[in-house]
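Survey of secondary and tertiary structure
Single-letter residue listing:
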Amino acid sequence: MLALSSPFVFRNLPALLMMAIVLPLLAGCGYNTIPTAEENAKAAWSQVLNQYQRRADLIPNLVETVKGYAAHEKDTLDAVVEARAKATQVTVTPETLSDPEAVKRFQDSQAGLTSALSRLLAVVENYPDLKANQNFLALQAQLEGTENRIAVARRDYIQAVREYNLTLRTFPSVIWATLWFRDNQPFANFTIEEDKMQTPKVDFGTQQGG
């Protein structure tokens, strides 16, 4: 450890004092706002990916269960399998969130899977025994819970991206964006209108009609 009287300390004392003064000022003026908002948005995107993957993991069991009661619904079942394959092939890492086209491809692929699932669930209505199957009841709870988690994750990501993008163009954080974070780019957001982002209804016909 250097002694306080060493030539090194005296020689660098002005720089050390400047750092002691400037670093707290940087923190107080919001220097960390941009990197913090960026990490929050990336973390929110990771949750989006996790929940969509959770849904994808449920689909093989769902398809096999339907197939056991409605094997001749081959076209509908194949459409779900194909949509799942496409959706799982389109990936967007947190490092590529600034690419709007990549995010749109991801969104479109997931929308295609949602549409295929909706058609499959409509077919289920024609099979009372299938709707009463215990495996179906378990899948209903899991799929409904997953769709809810997807909706929450999407909302959290949208909010996190809005906050991050604002830090890049609003005062005072725009100063840091200009001086220190020049390579930071706005992140792409979901393009679905908010009023269309309601949680999809997952109903295997277990509710009694009036």
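Fair warning: this is a prediction, and the values are worked out from it, not measured in the lab. (Residues numbered from 1 in each chain as written. Predicted model: local features only at pLDDT ≥ 70, side-chain atom pairs only at ≥ 80, totals over all residues. Heavy atoms only, no water.)

Look at the link from Phe 171 to Pro 172: it is a cis peptide, with omega at 5 degrees. Structurally, Pro 172 can be placed in the loop between helix 6 (134-167) and helix 7 (173-179). (Helix = DSSP H or I, 4+ residues; strand = E, 2+ residues; numbered from the N terminus.)

Let's shift gears to the packing of helix 3 (residues 74-89) against helix 4 (residues 100-124). At a minimum axis separation of 8 Å, helix 3 and helix 4 run at an interaxial angle of 160 degrees. Taken together, helix 3 and helix 4 sit at an angle that is classed as roughly antiparallel. In this structure, the crossing between helix 3 and helix 4 has a hand that is left-handed. The segment helix 3 lies against helix 4, with Thr 76, Leu 77, Ala 79, Val 80, Ala 83, Arg 84, Lys 86 and Ala 87 engaging Ser 109, Gln 110, Gly 112, Leu 113, Ala 116, Leu 117, Arg 119, Leu 120 and Val 123. In terms of residue class, the contact of helix 3 with helix 4 is made up of 10 nonpolar, four polar and three charged. (Axes fitted to C-alpha atoms, helices over the stretch in contact; angles between N-to-C directions. Parallel < 35°, antiparallel > 145°, perpendicular 65-115°, else oblique. Left-handed = near helix turned anticlockwise from the far one by under 90°. Contact = heavy atoms within 4.5 Å. Nonpolar A, V, L, I, M, F, W, Y, C, P; charged D, E, K, R; others polar.)

Attention shifts here to the packing of aromatic side chains. If you walk through the whole model with that rule in mind, you get eight aromatic pairs. Between Tyr 157 and Phe 190 the ring centres are 5.7 Å apart and the planes differ by 80 degrees, which places this aromatic pair in the edge-to-face class. With Tyr 157 in helix 6 and Phe 190 in the segment after helix 7, this residue pair connects regions lying 33 residues apart in the sequence. For the pair Tyr 157 and Phe 190, one class covers both residues: buried. An aromatic cluster is present here, built from Trp 45, Tyr 52, Phe 106, Tyr 157 and Phe 190 joined pairwise through their rings. (Phe/Tyr/Trp six-rings, centres within 6.5 Å; stacked < 30°, edge-to-face > 60°. Buried < 20%, exposed > 50% of the residue type's maximum accessible area, 1.4 Å probe, protein only.)

Another point: the packing of helix 2 (residues 33-69) against helix 6. With their axes 8 Å apart at the nearest point, helix 2 and helix 6 run at an angle of 160 degrees to one another. Comparing their axes, helix 6 and helix 2 come out roughly antiparallel. Note that helix 2 runs across helix 6; the crossing there is left-handed. Split into classes, the residues belonging to the contact of helix 2 with helix 6 amount to 19 nonpolar, 10 polar and seven charged.

Turning next to the environment of Val 90. Mapped onto the elements of the fold, Val 90 is located in the loop between helix 3 and helix 4. Once residues within four sequence positions are removed from consideration, Val 90 is found in contact with Arg 105, Phe 106 and Ser 109.

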